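Here are the chains, one letter per residue:
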Amino acid sequence: MSASNKPRPADRASFELLDPRLRAVVEELYRGACGYTVRCTPRRRTVRVEGPPELFGKWRRGSGRSGAREWHWLHVLPLMGLQVPRAVAWLGRRRRSLLVTEAVAGRPFDAWLVQAAAEGWLVELCEYAVRQVAPAIRRLHEHRIAYRDLYWNHVFVADPRNGDEPTFLDVERAFRPWWRWRRWAVKDLAGLLASLPVPVPPRWPLRFLRAYSGGAPLDPAWIDDIVAKAARIRRHVPRYG
């Protein structure tokens, strides 16, 4: 590997602790010698490498702050009870960086919702979300951390019928706001409401919010704000799909 194309680990200690075989795969990914593109925008490209282990690499152009944030939260959020993809390596050179994580088993929760609605077990799936997802979001918010990208396609589950724990993806936008906390909590919850791909049982959103609030009485004004923000999110047209 030429010196100009040699990986420069942004977190050298973690990189050097990798199993040599895994480190070799990461180096190949950095050189562009393996994997295939699954998503691409002007400033970011996501590459998948078939395993074992199956890996995903996120190439970013720019200052590298976005990759640094994601690397940080991939290590911090598990301490707060959220399951996230395993962080493997973070490499960077000037204004180009690569963050590598292990793939997550399962499917996005919005795909499970579509399947459950078609097969007649939507009520059971909604109960799973009340039991598993709502308390996870409560733990996040109890630490005053806003996700900012909280949609059902970022919640992966191996199989909700087995009670598998959800895994939260794309955590790079998480942050601790210094003010206007209520606004950010509302945005997270509204993102889930807005990204429902199928109609759900009428009382389920309220049951989800009660589970999120730990059984505390729900403020009608707070619910109205969530519903209104969800409507605005639905009207938004994604820049890159």
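The preceding data block contains the structure.
The rules behind the values
Residues numbered from 1 in each chain as written. Predicted model: local features only at pLDDT ≥ 70, side-chain atom pairs only at ≥ 80, totals over all residues. Heavy atoms only, no water. Core = buried A, V, L, I, M, F, W, Y, C linked by side-chain atoms within 4.5 Å. Buried < 20%, exposed > 50% of the residue type's maximum accessible area, 1.4 Å probe, protein only. Helix = DSSP H or I, 4+ residues; strand = E, 2+ residues; numbered from the N terminus. Contact = heavy atoms within 4.5 Å. 1 Å grid on protein atoms, 1.4 Å probe; cavity = no way out; pocket = protein on both sides within 12 Å on 5 of 7 lines; lining within 4 Å. Points joined across faces, edges and corners; volume = space filled by probe spheres on them. Pairing = 2+ DSSP bridges. Phe/Tyr/Trp six-rings, centres within 6.5 Å; stacked < 30°, edge-to-face > 60°. Lys NZ or Arg CZ within 6 Å of the ring centre and 35° of its normal. Polar contact = N/O pair within 3.5 Å; in protein donor to acceptor, adjacent residues only side chain to side chain. Patch = residues over 30% accessible without salt bridge, like charges linked within 9 Å, V, L, I, M, F, W, Y side chains within 5 Å. Areas by Shrake-Rupley, 256 points an atom, 1.4 Å probe, with all protein chains shown as cover. Salt bridge = Lys/Arg side-chain N within 4 Å of Asp/Glu carboxyl O. Lys, Arg positive; Asp, Glu negative; His and termini not counted. Charge placed at Lys NZ, Arg CZ, Asp CG, Glu CD.

A. Summary view of the nonpolar core. With 60 residues, the main nonpolar core has Trp 152 and Phe 208 as its most contacted residues. Among the elements of the structure, helix 3 (65-76), strand 4 (87-93), helix 4 (109-119), helix 5 (122-142), strand 7 (155-157), helix 6 (181-194), helix 7 (204-212) and helix 8 (220-235) are those that each provide at least two residues to this core. The biggest single contributor to this core is helix 5, with 11 residues. Setting aside residues up to four positions removed in sequence, Phe 208 forms contacts with Ala 129, Val 130, Val 133, Ala 134, Trp 152, Leu 189 and Leu 192. Formed by 16 residues, the second largest nonpolar core is a distinct cluster that contains Leu 18, Leu 55, Trp 59 and Leu 98.

B. The layout of surface pockets, seen in detail. Here the second largest pocket defines a volume of roughly 180 Å³. Lining the second largest pocket are 13 residues, with Leu 189, Leu 193, Pro 205, Leu 209 and Ile 226 positioned closest to its centre. Those elements that place two or more of their residues in the lining of the second largest pocket are helix 6, helix 7 and helix 8. When residues of the lining of the second largest pocket are assigned to their parent elements, the largest contribution, 5 residues, is made by helix 7.

C. Layout of the pairing of strand 1 (residues 36-41). The pairing of strand 1 with strand 2 (residues 44-49) spans 5 bridges and is classified as antiparallel. Note on strand 2: the bridge partner recorded for Thr 41 is Arg 44. Where strand 1 folds back onto strand 2 in an antiparallel hairpin, the turn is made up of 2 residues.

D. Looking closely at unusual backbone geometry. A cis amide bond links Gly 51 to the next residue, Pro 52, at an omega of 10°. For Pro 52, the location among the structural elements is in the loop between strand 2 and strand 3 (55-61). Following Pro 52, the chain continues to Pro 53 via a peptide bond in cis, the omega torsion being -10°. Relative to the assigned elements, Pro 53 resides in the loop between strand 2 and strand 3. Of note in the backbone geometry, Arg 144 takes a positive phi value of approximately 60° without being a glycine. With respect to the helices and strands, Arg 144 occurs in the loop between helix 5 and strand 7. The phi dihedral of Asp 170 falls on the positive side, at around 50°, and the residue is not glycine.

E. Here's a closer look at the packing of aromatic side chains. Within this structure, the stated rule accounts for 11 aromatic pairs. Summarising the aromatic geometry, the rings of Phe 109 and Tyr 128 are spaced 6.0 Å apart at their centres and angled 20° between planes, so their arrangement reads as stacked. A residue pair is termed long-range when its members are at least 10 positions apart, and Phe 109 in helix 4 and Tyr 128 in helix 5 qualify at 19 residues. Tyr 128 shares its class with Phe 109; the two are buried. The ring of Trp 59 has Arg 96 lying over it, and the distance from NZ or CZ to the ring centre is 3.9 Å. Across the ring face of Trp 112, the terminal group of Arg 107 is positioned such that the distance to the ring centre comes to 4.9 Å.

F. Looking closely at the side chain of His 154. Considering the arrangement of structural elements, one finds His 154 in the loop between helix 5 and strand 7. For His 154, the side chain forms a polar contact with the side chain of Asp 170, separated by 3.2 Å.

G. Inspection of a positive patch on the surface at higher detail. Positive charge collects at one region of the surface, where Arg 43, Arg 61, Arg 65, Arg 69, Arg 95 and Arg 173 lie side by side. Checked against the element boundaries, Arg 43 lands in the loop between strand 1 and strand 2.

H. The arrangement of the environment of Asn 162 in detail. You can see Asn 162 is positioned in the loop between strand 7 and strand 8 (167-168). With a relative accessible area of 58%, Asn 162 lands in the exposed category. Sequence-wise, Asn 162 and Tyr 128 are 34 residues apart; in three dimensions their C-alpha atoms are separated by 9.7 Å.

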